[in-house]
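# Per-entry structural report
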Amino acid sequence: MAEAPVTLDVTYTTPSQNSAAMEPHASTAVWEDDGSLTLYGAYQMPTSDASQLAKSLGLSVKKVRIVSRYIGGGFGSKLGIAPESVAAAIAAKQVGRPVKAVMARQQVFEATVRRSNTEQRLRLAATRDGKLTAIGHESHISNQPGEDYFEPVGIGTHMIYGGENRLISHRQVPLNLVLSGSMRAPGEAVGMMGLECAMDELAEKLDMDPIALRKVNDVSVDPEKGVPFSSRSLTAALEEGASRFGWEKRGAPAARREGEWFVGMGVASAVRGNMLMESSAKVEIHPDGTATVSSAMTDIGTGSYTILAQIASEILGIPVDRITMSLGDTNDPPAAGSGGSWGAGSAGSAVYLACEMLQQKLAKAMDIDEEGLTLKDGMAVGANRSVPIGELVGKGLEATGHIKPGKQEKETTQASFGAHFAEVGVNAVTGEVRVRRMLGVFAAGRVLNAKTARSQCLGGMTFGIGAALTEELIHDTRHGKLVNRDLAEYYVPVNADVPQLEVHFLSERDIHANPIHAKGIGELGISGAAAAVANAVYNACGVRVRDFPITLDKLLLGLP
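Presented here is a report on the structure given in the accompanying data block.

About the thresholds
Residues numbered from 1 in each chain as written. Predicted model: local features only at pLDDT ≥ 70, side-chain atom pairs only at ≥ 80, totals over all residues. Heavy atoms only, no water. Helix = DSSP H or I, 4+ residues; strand = E, 2+ residues; numbered from the N terminus. Rg over C-alpha atoms; globule rule 2.2 N^0.38 Å. Buried < 20%, exposed > 50% of the residue type's maximum accessible area, 1.4 Å probe, protein only. Pairing = 2+ DSSP bridges. Axes fitted to C-alpha atoms, helices over the stretch in contact; angles between N-to-C directions. Contact = heavy atoms within 4.5 Å. Polar contact = N/O pair within 3.5 Å; in protein donor to acceptor, adjacent residues only side chain to side chain. Phe/Tyr/Trp six-rings, centres within 6.5 Å; stacked < 30°, edge-to-face > 60°. Expected span 1.5 Å × (residues − 1). Right-handed = clockwise from strand over helix to strand, strands pointing away. Arc of directions from axis to C-beta. Parallel < 35°, antiparallel > 145°, perpendicular 65-115°, else oblique. Left-handed = near helix turned anticlockwise from the far one by under 90°. Nonpolar A, V, L, I, M, F, W, Y, C, P; charged D, E, K, R; others polar. Salt bridge = Lys/Arg side-chain N within 4 Å of Asp/Glu carboxyl O. Core = buried A, V, L, I, M, F, W, Y, C linked by side-chain atoms within 4.5 Å.

### A word on the overall build of the protein
Broken down by element type, the protein carries twelve helices and 22 strands. By the compact-globule yardstick of 24 Å for 560 residues, the protein fits well, its C-alpha radius of gyration being 25 Å. With the C-alpha coordinates of the protein rotated into their principal frame, the extents come out at 75 × 65 × 45 Å. Every one of the 560 residues in the protein was classed for burial, and the buried ones make up 57%.

### Some remarks on the sheet that holds strand 3 (residues 26-31)
Spatial strand order, 5-4-3-6: four strands in an open sheet with mixed pairing. Edge positions in the sheet fall to strand 5 (64-67) and strand 6 (99-102), since each has one partner strand and no second. In this sheet, adjacent strand axes meet at a mean angle of 20 degrees when their direction is disregarded. When strand 4 (residues 37-41) meets strand 5, the two strands line up parallel, connected through four bridges. Residue Thr38 lies in a different strand from strand 5, and its bridge partner there is Arg65. Sheet contacts for helix 2 (residues 83-95): strand 3, strand 4 and strand 6; angle to strand 3, the most-contacted strand, approximately 35 degrees.

### Observations regarding the side chain of Asn514
Within the secondary structure layout, Asn514 lies in the loop between strand 22 (501-505) and helix 12 (529-541). Here Asn514 falls in the buried class, since its relative accessible area comes to 8%. A polar contact is formed between the side chain of Asn514 and the backbone nitrogen of His517, at a distance of 2.8 Å. A polar contact is formed between the side chain of Asn514 and the backbone oxygen of Ala518, at a distance of 2.7 Å. If we ignore the near neighbours within four places in the chain, the residues touching Asn514 are Leu276, Gly345 and Ser349.

### Some remarks on the packing of aromatic side chains
On inspection of all chains with the given rule, the structure shows seven aromatic pairs. Note on Phe229 and Phe417: the rings are 5.8 Å apart at their centroids and 80 degrees apart in plane angle, and the pair reads as edge-to-face. With Phe229 in the loop between helix 6 (210-216) and helix 7 (234-245) and Phe417 in strand 20 (residues 415-427), this pair connects stretches of sequence that are 188 residues apart. Neither Phe229 nor Phe417 differs from the other in exposure class; each is buried. Following the ring pairs from residue to residue traces out a cluster consisting of Phe245, Trp247 and Phe421.

### Focus on the sheet that holds strand 21 (residues 433-443)
Read from one edge of the open sheet, five strands run 11-12-20-21-22, paired in mixed fashion. Here the strands that pair on one side only, and so sit at the sheet edges, are strand 11 (257-258) and strand 22. Sheet topology places strand 11 next to strand 12 (residues 261-273); two bridges connect them, and they run antiparallel. Bridging across to strand 12, Glu258 finds its partner in Trp261.

### Thoughts on helix 5 (residues 188-206)
With 19 residues, helix 5 extends 25 Å between its outermost C-alpha atoms, agreeing within 8% with the 27 Å of an ideal straight helix rising 1.5 Å per residue. Within helix 5, 17 of the 19 residues are buried, which leaves it mostly tucked inside the rest of the structure. Downstream of helix 5 by one or two residues, Asp207 has phi in the positive range, about 55 degrees.

### Things to note about the pairing of strand 21
The buried fraction of strand 21 amounts to eight of the eleven residues, a majority that puts the element mostly inside the structure. Relative to strand 21, strand 20 runs antiparallel, the two sharing ten bridges. Within strand 21, the position partnered with Phe417 by the bridge is Ala443. Hairpin connection between strand 20 and strand 21: a loop of five residues separates the two successive antiparallel strands, and Gly431 in this loop has a positive phi of roughly 80 degrees. Judged from the five bridges that link them, strand 21 and strand 22 form a sheet pairing that is parallel. Within strand 22, the residue paired with Met438 across the bridge is Leu501. In this fold, the crossover linking strand 21 to strand 22 by way of helix 11 (residues 450-469) has right-handed handedness.

### Considering helix 2
Along its 13 residues, helix 2 runs 18 Å from first to last C-alpha, staying within 8% of the 18 Å computed at 1.5 Å per residue. All buried positions along helix 2 are accounted for by Glu84, Ser85, Ala88, Ala89 and Ala92. Down the axis of helix 2, the buried side of the element spans an arc of 135 degrees, and every buried residue falls inside it. Facing away from the buried side of helix 2, by more than 90 degrees, are the exposed residues Lys93 and Gln94.

### Quick word on the packing of helix 11 against helix 12
Two elements in contact, helix 11 and helix 12, have axes whose closest approach is 7 Å; the angle formed by their N-to-C orientations is 50 degrees. One way to sum up the angle between helix 11 and helix 12 is to call them oblique. Of the two possible hands of crossing, helix 11 and helix 12 adopt the one that is right-handed. Facing Gly460, Met461, Gly464, Ile465, Ala467, Ala468 and Leu469 of helix 11, the residues of helix 12 in contact are Ala529, Ala530 and Val533. Classifying every residue of the contact of helix 11 with helix 12 by side-chain character gives eight nonpolar, two polar and no charged.

### Topic: the pattern of salt bridges
When the charged atoms of two side chains lie near each other, side chains of opposite charge can form a pair. The final tally for this structure, using the stated rule, is 28 salt bridges. One salt bridge in this structure joins Glu224 and Arg166, with 2.8 Å as the shortest N-O distance. Of this pair, Glu224 sits in the loop between helix 6 and helix 7 while Arg166 is found in strand 10 (residues 165-174), placing the two residues 58 residues apart along the sequence. For Arg166, a relative accessible area of 22% puts it in the partly exposed group. Between Arg436 and Glu423 there is a salt bridge; the shortest N-O distance is 3.1 Å. Taken together, the residues span a long stretch of sequence, with Arg436 in strand 21 and Glu423 in strand 20 at a distance of 13 residues. Since its relative accessible area comes to 33%, Arg436 is described here as partly exposed. Under the relative-accessibility criterion, Glu423 is labelled buried at 5%. What you see here is one network of salt bridges that share partners, running through Arg256, Glu258, Glu423, Arg436 and Arg437.

### Regarding the nonpolar core
Ranked by internal contacts, the top residues of the largest apolar core, which has 81 residues, are Leu124, Phe421, Val424, Val426, Val533 and Leu555. Formed by 41 residues, the second largest nonpolar core is a distinct cluster that contains Ala312, Ile368, Leu397 and Ile516.

Any functional reading would require information that these geometric values do not contain.
Take a look at the structure:
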C-alpha cells in the first residue's frame, strides 16, 4: 500500500438481514407404531435434516423420515431443522396423534437465522494503469457465543481479481443477537457489495472507466491457488452487458438531470463459487414405457422437478409428460438438496449417470452396441428395428446414479461469473431512490432450462435491490431482540420497487464441473447486484454512501 502510486482505504458496513421467505416454517409430525417418525414440512436438505432431527430427539436416523415435496421459499432459512420441527415431534409423541406446528411471521424472524451484519475494511493498491498490486478485505461479522458459523464475506475476493499482495480475513464477534447463518449467497451477497463499490471508488481515483478497471484485472489462473479456472467469462459478461445497456452514455457524477431527478448508471462484477455435492438418484423404466425419477433432492422454486425430468427425457427418449418425479423424500436415494446453488449440477448429474446405465441395459436388450442405439419419442431404434422402450424392460428396469466431488475440484477453480448494470434516479428534493432499469449478464456453464435459470437471476437481482436500498434488521441493543420482526417493517422490495429486469446468458460449457457441464446460477444473480445499484446512486448524485442500506436520510445532506 505504501509503495503504490494509487491507493484506497475505505470501510463499508452492511446490516443484519432476514431471508423473509414467503412460506412460514411449518412441520407436521406423525409417529408410527414401530417408534419411527415421519415429518412433513419445507426443508431444503432432507437427507442431512433427518440426521439433525434424529440427533435432537435421541433416535436412530433410520427411524426418521422427512418428506419435503414443495418449499415456498427458504433462501437458507430452511437448510437445517428449525424449532417448530422438534416441537411438533415432541408434541405428537406426547398426545399420541399427528401434530402440526406453524411459526407466526414474528417467530420466523426471531427463531430462524439472520445474515450477519458486517464491517468491511477494503484496501486497494494499483499502478497508474489500474493494475492491482494489493487487495485487502478485512471483515468483522457476528454470531452468538460458541457458534462456529461465520459469514464468509471475502469468499469472492479470493478469486475475482488478480493482485500479488493479498490480505483477506474474518473476525467473528460474539454477540447476544439472533443466530446468524446461511442466507442466499452467503459471503458474496454482502462481500461483493463492499468490494465492487471500492473498485468503483478506485476507478474514479484513477480517472478510469469502471469496466476497464475490472477487465485489466481479470485473470485466467486462480490468483491464490495457481490453478486454472474451469471456465471464466467475466470480461465477456462485462462487454456484453455494456453493449446491451448503453454504457457509453454514462457521464460524470451528478451530470445528468431529468426534472427533479438525478440519473446515473452503475456496474458491478458477479462471482459465485461452484460446488458439486454428493447426490444420488434412481431412474426406473416401466413396462408401459413410462419412467419414474426419485431422489431426496428438493425443489425450492428453482425448477428441480422440471430440470431433472428434462434430463431423463433427453437421454432416455421418453417424453417429459410420461416421466413421474418423486422428490424431497428421505426414503428415496440420498441427495444434497437445495443450497449453495449445487442442486441442478449435483442431482442432475446423478440422474444423468442413472440414465446412462439404463441406456446400456436397453442396448443389451436390443442386442446391439450402445453407439448404435437411438432413443426417441418412446422408441428404441437400432439395427434396422424400431421397438417401444417398454417392450425391452420386462417387468421393469432401474438404475441408481451416484456422484461426489473428485480430482477436478482440486485441479481447477470452479465459479460462475457475470456482470450487473443498473440505472437509478435520485430525487433532487427528497433524496428518494428509484431503480429505473437493471440488466444482468451471466455465464454458468450449460444452462439446463433458460426459463427457470432466468427466474433465479431475476430473484437474485431483486434481492440486490433490497440489500442496496431497503433491507435492515434492527436489533434492540438493550436485550438483542428484533424491533422490526415482520414484513410490515422489514422492507423487502415490492413490485413498485422493481423495474423491468433484463437477464442474458452467455453460451458456455464447463467440462470440469460435472458430467452435464452446468454450474450453479441461483446465487450468482445476487452477487454484485446491490453494488451496481449503489454505484449508480453515486453516479447519479455524487453522494457515496458506505453504510447500507442507502436510505434517503443518508443522501439528503450531500445532494447537489
